[in-house]
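One letter stands for each residue in the lines below.
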Amino acid sequence: MIWSKEETLPREELEALQLERLQETVNRVYAKVPAYRKKMDDAGVKPEDIKTLKDLSRLPFVTKQDMRDNYPFGLFAVDKDSLVRIHASSGTTGKPTVVGYTQKDLETWTECVSRIACMGGASSHDVAQICFGYGMFTGALGLHYGLEKIGAAIVPSSTGNSEKQIMYMKDFETSLLVATPSYALRLAEVAREIGVDPIKDLKVKIALVGSELLTDAMREEMHKYWGEDVLITSNYGMSELMGPGVSGECSELCGMHINEDFFIPEIINPETGEVLPTGEQGELVITCIKKEGLPLIRYRTKDITRLFYEKCKCGRTFCRMENLSGRSDDMLKIRGVNVFPSQIEEVILSFEELGPHYEIVLEREGYLDKLTVKVELAQSTDEFAVLERITKQVRNKLKVVLGLDAKVMPVSPNTLQRFEGKAKRVKDLRSNK
């Protein structure tokens, strides 16, 4: 189902709308946000210079550091009295990034999430269980209001107490699950442990997963646990831009449709900032063109993807972003080689003998980096020959994919840490040496 007529606008009409909203946004932030005005003045660009969409590239980038430097409300285009909701990041690596919403912003957010929920197969007939943490994190409330808008019954179960989550799923006949991919797998594990078959005993038919990278291998792993008939779609967003709802996959599973009447995407070379041609992979940059409270312009997401503009079979004309390859700031530099954790995940999930949980450990011995990949066996075994074979095969495949050697350490089932929120797979100990 297509939620909004804007999703099928002809490209010419859509771009005219984007330009109109971009010009209005640039004029507003230049007039009302001193930090933006300074950045634009330093770049030698005025609002009247933005005459076409191509002129967007003349505007300076905004980064997470800009948000921290202007903490808490320095980038806001409205006064605090106009805000009806405030969210913030955890701030574990510095000052938190603060985001705020006017009433109109909340309506826009709800509209965007309703669209991506419908893309993923949701309807008014669904019982939607939201297993994101409620609080300052935008994910739970964003999905909550969007799904509620389309008429789904919401089970705001949050995270934790996984056995009770399974009880709710069974008793309420939950048909739609909202979770991170890793927590969706954990819930299926817990269900099996307490004698509940996720495929036969539960009625989940749709999974809207986000907040983590969903690789093709992880999607296949989820199907093993939840059933081949479950429609698993990935959706994308971040608090700085709005929250979930920036883009989402439709049932064609050929990339995530970006809500282009609210966001203008670009792909840049992450090292030079140069805008790349359509179809090339690089860092995603997003400009918000219909936000009142915090209208970020050319925000560097650090996420690596590519854009496609061909009309989708589903009928939507919005451009699609490829499922993420990783984040430029998550990229690991190991002995001069660039490694994304998603590459390691793809290798691990290609082995039936291994479960979906893993840990990447980086250490430094002398002047050399040492990479250890802990992998969890799907079934216990003490047979040395079996363990040696698995270790050798995984190590060899990692060497082919990554271009470097890694130590592979198989561990018993249910040994590695499980995560209810975003999974933390990398333990980098090199800075401790």
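Our subject is the structure listed above.
Residues numbered from 1 in each chain as written. Predicted model: local features only at pLDDT ≥ 70, side-chain atom pairs only at ≥ 80, totals over all residues. Heavy atoms only, no water.

Looking at the overall build of the chain
Put simply, the rule reads: Put simply, DSSP H or I for four residues or longer makes a helix, DSSP E for two residues or longer makes a strand, and each gets a number counted from the N terminus. All accessible-area figures derive from a Shrake-Rupley calculation using a 1.4 Å probe, and residue coverage is judged against the displayed protein chains alone. For this count, His and the chain ends are skipped, Lys and Arg are scored as positive, and Asp and Glu as negative. Charged side chains are reduced to one point each, which is NZ for Lys, CZ for Arg, CG for Asp and CD for Glu.
Helix and strand content of the chain: ten helices and 21 strands. A total of about 19300 Å² of accessible surface is found on the chain, and carbon and sulfur atoms cover 48% of it. For the chain, the distance from the average position of its 58 positive side-chain charges to the average position of its 65 negative side-chain charges is 3 Å.

Some words on the sheet that holds strand E12 (residues 299-305)
Rules: The criterion for strand pairing is that DSSP finds at least two bridges linking the strands in question.
The strand order E10-E11-E12-E15 describes an open sheet built from four strands, whose pairing is antiparallel. Bordering the open sheet on either side are strand E10 (263-268) and strand E15 (326-327), each of which pairs with just one other strand.

Overview of the packing of aromatic side chains
Think of a pair of aromatic rings as described by two things: how far the centres are apart, and how the planes are tilted against each other in angle. Which entries qualify depends on this criterion: Here a Phe, Tyr or Trp ring, Trp counted by its six-membered ring, pairs with any other such ring whose centre lies within 6.5 Å, and the pair is stacked when the planes are under 30 degrees apart, edge-to-face when over 60, and tilted otherwise. Accessible area is worked out with a 1.4 Å probe on protein chains only. A residue is then buried under 20% of its type maximum, exposed over 50%, and partly exposed in between. Only when the NZ of Lys or the CZ of Arg is both within 6 Å of the ring centre and within 35 degrees of the ring normal is a charge said to sit over the ring.
Scanning all chains against the criterion turns up four aromatic pairs. Ring centres 5.3 Å apart and planes at 85° place the aromatic pair Phe73 and Phe76 in the edge-to-face group. Each ring, one from Tyr101 and one from Trp109, has its centre 4.7 Å from the other, and the planes form 10°; the classification is stacked. Across this residue pair, the class does not change: Tyr101 and Trp109 are buried. One residue, Arg425, lies across the ring of Tyr358, its end atom 4.8 Å from the ring centre.

What to know about the nonpolar core
Which entries qualify depends on this criterion: By nonpolar core we mean a set of buried residues, namely Ala, Val, Leu, Ile, Met, Phe, Trp, Tyr and Cys, connected to one another through side-chain atoms within 4.5 Å. Throughout, a residue-residue contact means that at least one pair of heavy atoms, one from each residue, lies within 4.5 Å.
Counting residues in each nonpolar core, the largest one holds 70 residues, and the members touching the most others are Leu75, Leu147, Phe263 and Leu296. It is helix H4 (residues 103-119) that contributes the most residues to this core, eight residues altogether. Each residue touching Leu296, except ones within four places of it in the same chain, is listed here: Tyr36, Val62, Met67, Leu75, Glu240, Ile286, Thr287 and Cys288. Counting 26 residues, the second largest nonpolar core, distinct from the first, contains Met169, Leu185, Tyr225 and Ile232.

Some points on helix H2 (residues 34-43)
Short version of the rule: Think of the arc as the fan of directions from the helix axis to the C-beta atoms.
Within the sequence span of H2, burial applies to Ala35, Tyr36 and Met40. Down the axis of H2, the smallest arc covering the buried residues is 130°, so these residues share one side. Exposed residues pointing more than 90 degrees away from the buried face of H2 are listed as Pro34, Lys38 and Asp42. Looking at the buried side of H2, the elements it contacts are helix H1 (11-32). Just past H2, the residue Gly44 takes up positive phi, approximately 70°.

Remarks on the layout of surface pockets
The cut-off we apply is this: The pocket and cavity definitions rest on a 1 Å grid over protein atoms only: a 1.4 Å probe that fits but cannot leave marks a cavity, an open set with protein on both sides within 12 Å along at least five of seven lines marks a pocket, and residues lining either have an atom within 4 Å of a point. Grid points are joined across faces, edges and corners, and a volume is the space filled by probe spheres set on the points. The nonpolar class holds Ala, Val, Leu, Ile, Met, Phe, Trp, Tyr, Cys and Pro. Asp, Glu, Lys and Arg form the charged class, and all remaining residues, Gly among them, are polar.
Roughly 440 Å³ of volume is contained in the second largest pocket. It is E10 that provides the largest number of residues to the lining of the second largest pocket, a total of four residues. Per-class residue counts for the lining of the second largest pocket are ten nonpolar, four polar and six charged.

Considering the side chain of His87
Put simply, the rule reads: The term polar contact refers here to a pair of N or O atoms within 3.5 Å; inside protein, the definition further demands a hydrogen-donor-capable atom paired with an acceptor-capable atom, and it admits residues adjacent in sequence only when both atoms are side-chain atoms.
Considering the arrangement of structural elements, one finds His87 in strand E1 (residues 85-88). A distance of 3.2 Å separates a polar atom in the side chain of His87 from a polar atom in the side chain of Arg85. Sequence-distant contacts of His87, defined by excluding residues within four places in its chain, comprise Thr97, Val98, Val99, Tyr101, Trp109, Gly135, Met136, Phe137, Thr138 and Leu141.

Quick word on empty space enclosed by the protein
The tally for this structure, following the rule as stated, stands at one cavity of 30 Å³ or more. When its volume is computed, the largest cavity comes out at roughly 40 Å³. Forming the walls of the largest cavity are Met67, Asn70, Tyr71, Pro72, Leu75, Phe76, Val98 and Leu294. Split by residue class, the lining of the largest cavity holds seven nonpolar, one polar and no charged.

Observations concerning the packing of helix H7 (residues 181-193) against helix H8 (residues 216-226)
We apply this condition: Note on method: axes are straight lines fitted to C-alpha atoms, helices fitted across the in-contact stretch only, with angles between N-to-C directions ranging 0 to 180 degrees. Orientation labels follow simple angle bins: below 35 degrees gives roughly parallel, above 145 gives roughly antiparallel, 65 to 115 gives roughly perpendicular, and whatever is left gives oblique. In this scheme the handedness of a crossing depends on how the near helix is turned from the far one: anticlockwise by less than a right angle means left-handed, clockwise means right-handed.
Relative to each other, H7 and H8 sit at 25°, their axes nearing to 10 Å. When the axis of H7 is compared with that of H8, the two are roughly parallel. Classified by chirality, the crossing of H8 by H7 is left-handed. Listed contacts from H8 to Pro181, Ala184, Leu185, Leu187, Ala188, Glu189 and Arg192 of H7 are Met218, Glu221, Met222, Lys224, Tyr225 and Trp226. Of the residues in the contact of H7 with H8, the class split is nine nonpolar, no polar and four charged.

A word on the environment of Met409
By secondary structure assignment, the location of Met409 is in strand E20 (residues 407-411). Met409 sits in the partly exposed class, given a relative accessible area of 28%. Counting along the chain gives 177 residues from Met409 to Ile232, while the straight-line C-alpha distance between them is 30 Å. Leave out the neighbours within four places in its chain, and Met409 touches Thr372, Val373, Lys374 and Val375.

Some details on the pattern of salt bridges
Formally: Salt bridge, as used here, is a side-chain nitrogen of Lys or Arg placed within 4 Å of a carboxyl oxygen of Asp or Glu.
Counted according to the given criterion, the structure contains 29 salt bridges. For the salt bridge of Glu359 with Lys374, the shortest nitrogen-to-oxygen distance reads 3.5 Å. One end of the pair, Glu359, is in strand E18 (residues 354-365); the other, Lys374, is in strand E19 (residues 368-377), and 15 residues separate them in sequence. Residue class for Glu359 comes out buried when judged on its relative accessible area of 16%.

Considering the pairing of strand E5 (residues 176-179)
Side chains Leu176 and Val178 project from E5 onto one buried face, and the interleaved Leu177 and Ala179 project onto a second face that is buried too. Relative to E5, strand E3 (residues 127-130) runs parallel, the two being bridged by three bridges. By the bridge assignment, Gln129 is partnered in E5 with Leu177. Across four bridges, E5 lies against strand E6 (residues 206-209) in parallel orientation. Bridge assignment links Leu176 to a residue of E6, and that residue is Ile206.

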